[in-house]
Amino acid sequence: MTTTAGSAPHERLTALAERGMAMGEVRGAPAADPVNLPMIRHWTTAMGDANPVYTDEAYAAASVHGQIVAPPAMAQVWTMPGLGPREDTTTPIDEVLRALDEGGFTGVVATNCEQTYHRYVRLGERLVPATRLSGFAGPKNTALGTGYFITWLVTWYAGQEPVAEMMFRVLKFRPREEKAAPEERPAYPLRPAINRDTAFFWEGVRVGELRIQRCGDCGELRHPPGPICPSCRSANRAYAVASGLGEVYSFVVHHSPPVPGLRPPFVVAVVRLAEGVRMVGNVVDCPPERVRVGMPVRVDHREMDDELTLPMWVPREP
Amino acid sequence: MYSISGRTAIAGIGATEFSKESGRTELQLAAEAVLAALDDAGLTPSDVDGLVTFTQDANQEIAVARETGIGDLSFFSRVEYGGGAACGTILQAALAVATGIASTVVCYRAFNERSGRRFGQPNAGLGGEPSSLGVEMSWHVPFGLLTPAAWVAMFARRYMHAYGATSEDYGRVAVAMRRHAATNPAAWFYQRPITLEEHQASRWIVEPLHLLDCCQESDGAVALVVTSTERARDLRRSPAVVTAAAQGSGAGQMMMTSFYRDDMTGLPEMGVVARGLWEMSGMSPKDLQTAILYDHFTPFVLSQLEELGFCARGEAKDFIAGGGIEIDGHLPVNPHGGQLGEAYIHGMNGIAEAVRQVRGTSVNQVPAVRNVLVTAGTGVPTSGLILSRD
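Per an unreviewed UniProt entry, the recorded name for chain B is Lipid-transfer protein, and the organism is Sphaerisporangium melleum.

J.: What am I meant to see in the overall build of chain B here?
T.: Each helix and strand counted, chain B has 13 helices and 11 strands in total. A globule of 390 residues ought to have a C-alpha radius of gyration of about 21 Å, and chain B, at 19 Å, matches this closely. In terms of principal-axis extent, the alpha carbons of chain B reach across some 55 × 50 × 45 Å. Expressed as a percentage of the 390 residues in chain B, the buried residues total 66%. Sequence separation of 24 or more characterises 76% of the internal contacts of chain B that already satisfy a separation of 6 or more. Distance between charge centroids for chain B: 2 Å, based on 29 positive and 41 negative side chains.

J.: In this structure, what is going on with the interface of chain A and chain B? I would like to understand it.
T.: Accessible area lost upon the coming together of the parts is a frequently used measure of interface size. Taken together, the 38 residues of chain A in the interface contact 37 residues of chain B. Summed over both sides, the interface of chain A with chain B buries roughly 3,000 Å², with 68% coming from carbon and sulfur. There are zero salt bridges connecting chain A and chain B. The tally of links between chain A and chain B comes to 16 residue pairs in polar contact (both at pLDDT 80 or more). Taken together, the elements giving at least two residues each to the side of chain A that touches chain B come down to α6 (199-206), β9 (245-254), β10 (266-273), β11 (278-283) and β13 (309-315) of chain A. The biggest single contributor to the side of chain A that touches chain B is β9 of chain A, with six residues. Classifying every residue of the side of chain A that touches chain B by side-chain character gives 27 nonpolar, nine polar and two charged. In terms of strand pairing, β9 of chain A meets strand β5 (residues 204-207) of chain B through two bridges, oriented antiparallel.

J.: Help me understand the nonpolar core in this model?
T.: The nonpolar side chains of soluble globular proteins are, as a tendency, buried together. Core analysis: the biggest nonpolar cluster contains 150 residues, and I10, F259, L305 and I351 of chain B have the highest contact counts within it. Looking at this core element by element, the count peaks at 10 residues for helix α5 (residues 148-163) of chain B. Once residues within four sequence positions are removed from consideration, L305 of chain B is found in contact with L293, F310, C311, A316, F319, I320, I325 and L331 of chain B. The next biggest cluster of nonpolar side chains, apart from the first, holds 36 residues, and it includes A31, F105, L127 and F168 of chain A.

J.: I tried to follow helix α9 (residues 268-281) of chain B on my own but got confused; where do I start?
T.: In an α-helix, one turn spans 3.6 residues, which is why side chains three or four residues apart end up on the same side. Residue and element names in this part refer to chain B. Taking 1.5 Å per residue, 14 residues should reach 20 Å; α9 reaches 20 Å between its end C-alpha atoms and fits that length. The set of residues buried in α9 consists of E269, M270, G271, V273, A274, L277, W278 and S281. The positive-phi residue at the C-terminal boundary of α9 is G282, with phi of around 70°.

J.: Just checking my understanding: could you explain the domain arrangement of chain A for this structure?
T.: Per the domain assignment, the segments of chain A are domain 1 (8-31 + 83-173) and domain 2 (199-315). Each of domain 1 of chain A and domain 2 of chain A has a C-alpha centre, and the two are 59 Å apart.

J.: For this particular structure, what's the right way to read the sheet that holds strand β1 (residues 8-15) of chain B?
T.: Through backbone hydrogen bonds, the strands of a sheet pair up, either in parallel or in antiparallel fashion. Residue and element names in this part refer to chain B. Ordered in space as β3-β2-β4-β7-β1-β8-β11-β10-β9, the nine strands form an open sheet in which the pairing is mixed. Across the chains shown, the open sheet's two edge strands, defined by having one partner strand only, are β3 (75-79) and β9 (290-292). With strand direction ignored, the average angle separating the axes of adjacent strands in the sheet is 25°. Sheet strands in contact with α9 are β8 (240-248), β10 (371-375) and β11 (382-389), and its direction is about 145° off that of β8.

J.: What is the right way to read the side chain of E217 of chain B from this model?
T.: The residue E217 of chain B is located in the loop between β6 (209-210) and β7 (219-228) in this model. In terms of polar contacts, E217 of chain B uses its side chain to reach the side chain of R118 of chain B, at 2.5 Å.

J.: Would you take a moment to explain the UniProt feature "domain: Thiolase C-terminal" (unreviewed entry) in chain B for this structure?
T.: Per the UniProt record, "domain: Thiolase C-terminal" (unreviewed entry) is annotated on residues 260-380 of chain B. The distance separating the terminal C-alpha atoms of residues 260-380 of chain B is 14 Å; by composition the span is 36% helix and 7% strand.

Each value, and the rule that gives it
Residues numbered from 1 in each chain as written. Chains lettered and ligands numbered in written order. Predicted model: local features only at pLDDT ≥ 70, side-chain atom pairs only at ≥ 80, totals over all residues. Heavy atoms only, no water. Helix = DSSP H or I, 4+ residues; strand = E, 2+ residues; numbered from the N terminus. Rg over C-alpha atoms; globule rule 2.2 N^0.38 Å. Buried < 20%, exposed > 50% of the residue type's maximum accessible area, 1.4 Å probe, protein only. Contact = heavy atoms within 4.5 Å. Lys, Arg positive; Asp, Glu negative; His and termini not counted. Charge placed at Lys NZ, Arg CZ, Asp CG, Glu CD. Buried area = accessible area lost by both parts, 1.4 Å probe. Salt bridge = Lys/Arg side-chain N within 4 Å of Asp/Glu carboxyl O. Polar contact = N/O pair within 3.5 Å; in protein donor to acceptor, adjacent residues only side chain to side chain. Nonpolar A, V, L, I, M, F, W, Y, C, P; charged D, E, K, R; others polar. Pairing = 2+ DSSP bridges. Core = buried A, V, L, I, M, F, W, Y, C linked by side-chain atoms within 4.5 Å. Expected span 1.5 Å × (residues − 1). Domains from an automatic or database assignment. Axes fitted to C-alpha atoms, helices over the stretch in contact; angles between N-to-C directions. UniProt positions renumbered as here; feature names shortened; annotations may be inferred.

Below is the structure:
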């Protein structure tokens, strides 16, 4: 779905925003608690604000305030809903935000926050917020994706007196589909050369199949594979999917020198497959000192990065 | 049947010092070794009409010829497969001389293998080459199996499993080589012998290989002059006659990673070389007074003793027990200290030692030497020589 100016979803969003703005300032639920010393103490401790006018009664009494006052930057704290069930109050922005989520603009990033303080608030005052939707702009193409900027204004009242204001703006955006969340793994450095004689094997491990070349004419199994059957000269190639069971035929524990992409000590084994051919791979999920010649193993395909999967071997017996 | 046996000889040997940092270019090392070998033979650069080296050598034949004042070349050739090329260079030279393609061929190998590109370090790009080797390596490199020590360790573990050999059996090879090097002033480990306990206490490189199972890394160069036996007799030194020379690779051969054939306890390519040497020389193991066995890692010394027929399968550990391959044992192996003790010059320093043993001029001379066997790199397609007193 795309949203461009003039499209139906855009018209709907714009209409909702206009309706929200037309509502003007809408009062919300009063703060759950009046301004109080315990919350001030928690907040100043967390913020590292040691000003005694917020917590020391005697000091505050001697100050210009004459009593304890709350830090102005706590304005939003007093009316912020907790994690519990919310009271069913609506603001003029709720419907617009919900419509944006439903339209695929699920990403959110705060872009502006400006607060204005009219006066200090005192212990015992119970604040009431009021919200006004003041701006709606979009769609805009941003680095994060296409989205809308929504701006609102919150005013906190003590009784009828506004004590603080906040202008808040967010970008609600549709996350870019191509690698918006850059969780790309680094490329595994030890890469095989793959050509038309060997591609079937590497394609196999990517789909979880351990493929052994099988001559299309005489049926001989062969690993590593090659273009011509050494037994019957046939270039007619097929493959069998191995059972994935085998046993360690020989193995080494690599300690030194460092190998890119691997952390020593690691185990590399020649595995004799149940089908008779041998194959080299790492033995994993097993301490190196437990690996033995003859140990039964089964294949486990491991994605090394977005492109390379390697067949590895895990013990069959605990 | 025409045979090259006995027709050619090594008439001169030359080398630079063996170090960890030569402080000069590989080309300079090559030129110095070539000139030293010609001086040793009593020849001049203008006598040379052929040059042979390893495909891995970074110095082109024409560059070496320019630096040394060698003029026209009628023969140049290179041998593949890492250290497996060593004796193969002498085979190439002997073929050229015996067939009249060239009269005097110098074989050389020069590198800064310690201070420059180190073969023991992992090369993550090994598996990325769009060549048959790159594809071959791609079955191993992605799993971190990409160092020579690791490749050899895979065979060593299977050999231990099959024959009951232990890390101490491998350690005895290292102890013998370091004993020999201790009395060789040209050796890096001159006057630095080790004990079996020190071998066992050395850190793991790739289990089951300890540090002291792995040969050192060296900077240096060696050159060898090959000419006809007839001509060699007129030169400064007594000839080391090429009684036999052979190359070999086995069925299902790979570079150090032939994990997919036979029982992984032998070196079939060395078996091919052994058959070639015995056939061309008409000899058997009892005719050898000493042997230069390629020792980049200790376990393959055991396998070579078996492939060459010095002992039966699985019995090399008994053959080397009690100092069997030491200078006073039943088969002194690597009197110069080998690559574990003297230097790692890709096996070419071992050929030089074989020549000294034939001449009777080694610092660790084995008594009454008539024939010396030399092998090249193991785990790869390889080569071998039997050099004899004239």
